[in-house]
Amino acid sequence: MFIVPKNVQNRLAKLPAELRITRYESHQNCDEIFVEIPKPTVQPCPHCGSEHTVIKDQGRMRTVRHLSYGGQGLLITFHHRRYVCRDCRRSFQEPVYWILDRTRITVSLYLDICRELQTTSSIKDIALRNAVTPAIVNHVLEEIPFGPPSFLPSTLCIDEFSGSAGYWDKVNYRWVVTDYHCNLADGDNGCVIDVLPSPNKDFLLEYFYAFNPMERKNVRFFCCDMRSGFLTLAKTVFPGVTICIDPFHVVKLLSDNVTSIRRALQREYRISGDDTTYKLLRGSARLLTTSEYNQGVYWSGKRIEENKERLDSVLALSDELSDAYQAYQQMIHIVHMSSYQQQRLFLGDWLGTFSGSPYESVKHCANTVRHNKSYILNAFHYGKSNAVCEGLNNKIKILKKCGYGAHKFENFRKRILLACDPYKQVVENYTVFAEKATTEKEAMS
Ligand SMILES: [Zn+2]
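Remember, it's a predicted structure, so these values are computed and weren't measured experimentally.

A. Representation of the overall build of the protein chain. A count of helices and strands for the protein chain gives 19 helices and 14 strands. The C-alpha atoms of the protein chain give a radius of gyration of 31 Å, which is well past the 22 Å a tight globule of 445 residues would have. Taken along the three principal axes of its C-alpha coordinates, the protein chain extends 95 × 55 × 55 Å. A total of 445 residues make up the protein chain; the buried ones form 24% of that total. At a minimum sequence separation of 6, the contacts of the protein chain that also span at least 24 residues come to 60%.

B. Broad picture of the sheet that holds strand β3 (residues 53-55). Spatially, the 3 strands line up as an open sheet ordered β3-β6-β7, and their pairing is antiparallel. Whereas interior strands pair on both sides, the edge strands pair on one side only; in this sheet they are β3 and β7 (91-93). Each strand axis lies, on average, 35° off the axis of its neighbour in the sheet, ignoring direction. Pairing geometry for β3 and strand β6 (residues 82-85), over 3 bridges, is antiparallel. Bridge pairing links Val54 to Val84 in β6.

C. Region of interest: the sheet that holds strand β13 (residues 221-224). Across the sheet, 5 strands lie side by side as β12-β11-β8-β13-β14; this open sheet has mixed pairing. The open sheet terminates on both sides in strands that have one partner only, identified here as β12 (191-196) and β14 (242-245). Strand after strand, the sheet turns through a mean of 25° between neighbouring axes, direction not considered. In this structure, strand β8 (residues 155-162) lies alongside β13, joined through 3 bridges in parallel fashion. Bridge pairing links Thr155 to Phe221 in β13.

D. Quick look at the nonpolar core. Judged by nonpolar contacts, the single largest core of 57 residues is most densely connected at Ile158, Ala185, Phe222, Ala324 and Ala327. Ranked by the residues each element gives to this core, the list is headed by helix α13 (residues 319-335), at 7 residues. In terms of domain composition, this core takes at least three residues from each of domain 2 (155-246 + 387-420) and domain 3 (261-382). Membership of the second largest hydrophobic core comes to 14 residues, among which are Val132, Ile136, Val137 and Leu418.

E. Fine view of the pairing of strand β4 (residues 60-69). One ladder, built from 8 bridges, connects β4 with strand β5 (residues 72-80); its direction is antiparallel. Considered in β5, the bridge of Thr63 is made with Thr77.

F. Expanded view of the environment of Ile99. Summarising the element assignment, Ile99 is placed in the loop between β7 and α2 (107-117). Given 21 C-beta atoms within a 10 Å radius, Ile99 is considered buried. The sequence separation of Ile99 and Gly163 amounts to 64 residues, and the corresponding C-alpha distance is 36 Å. Beyond its immediate stretch of four places on either side in the chain, Ile99 contacts Val64, Thr106 and Val107.

G. Focus on the environment of Ser322. Within the element layout of this structure, Ser322 appears in helix α13. On a C-alpha basis, the gap between Ser322 and Asp312 in space is 9.2 Å, while along the polypeptide they are 10 residues apart.

How each quantity is defined
- Residues numbered from 1 in each chain as written.
- Predicted model: local features only at pLDDT ≥ 70, side-chain atom pairs only at ≥ 80, totals over all residues.
- Helix = DSSP H or I, 4+ residues; strand = E, 2+ residues; numbered from the N terminus.
- Rg over C-alpha atoms; globule rule 2.2 N^0.38 Å.
- Buried ≥ 20, exposed ≤ 12 C-beta atoms within 10 Å, placed from the backbone.
- Contact = placed C-beta atoms within 7 Å.
- Pairing = 2+ DSSP bridges.
- Axes fitted to C-alpha atoms, helices over the stretch in contact; angles between N-to-C directions.
- Core = buried A, V, L, I, M, F, W, Y, C linked by C-beta atoms within 7 Å.
- Domains from an automatic or database assignment.

Next comes the structure, spelled out in structure tokens:
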């Protein structure tokens, strides 16, 4: 019979080597290991540092949760000694370094839960997998410290996203729930810096004024969308900063315009009972908001001829739709140009053409672009974009869905930062298999 050596036993059970496993008990839903902690030769007093300490009484048996395996929970029971100091007459418990302070879980379990909190799993799932209660996972999450960032990056990206987590307002003594939150990212390194509960201007002002002026001078580029709140914020908090508006937002504005005109038209035809035209319009939704370059890529050969005909017949229905479509396609063309000089020239032409448009919706878009022209050109010139913030939104959506919404903002923020930060310590569980495979390969060759 093969007997597992003592040190291997402890290693497999992920317990410190000096512990002695004395007994093992199996229960219905969990297993229990009884261990013995070796008595230290000296146990210094944590109050005065004296080494004149003696064991005070029987102490007590203590049970903590350890790593689960195969869906079974594992408990560890040990005798926790109590000491008394002969110098200061105060008593204290023997310190146990492999248990997390003020909790009933081991450090290994704590690290495992932390690792799982970096994924997009819900709190309940994590609890189930580790055979603990959701309250313990929540407690672990609350224990992870995440202060505001220590410095501001040279390219600051800001964007808002929808959510409904709330936070406690200390000034007005109430629970505030906001529909939108705000995320900050480092545009150069592509990482998330912080997540804020509200995109409200006053809130953001207070947040950024907490950084010292020298720190704020570090910020050279400020990327945002066309929301006026962000623009005013940039001008007040970061004087002399180069504001960049991502061309993506301009393209989106124009494509939304095309869609809303198409929908209005569609409705008219449906009410008038012209079913063929209604179906033609409804079926062209994708075609109308695809760039001409992509139209060629997606649909080649026979399809492209078919689509061209279809597009022509749709655009012939309304001059307003045709105008909006042209504005959209030309803007995409400008965005994809390689030289800044050309982009500047063509944007001027674009504005000349479409701000004189007879249609109110197109004119409105052109005026918005004119209003933010210099910021859009900055983005072209310096090649800055808000892509980091926009890309993050997808991950946030998954986190929100997996947790069926989020109640407390602070926990939501931590989950986002844990899941999105590329600097996080990733401990891959399966690297051991990869390692083994490579060493075997080496041995074979
Ligand atoms: Zn003492």
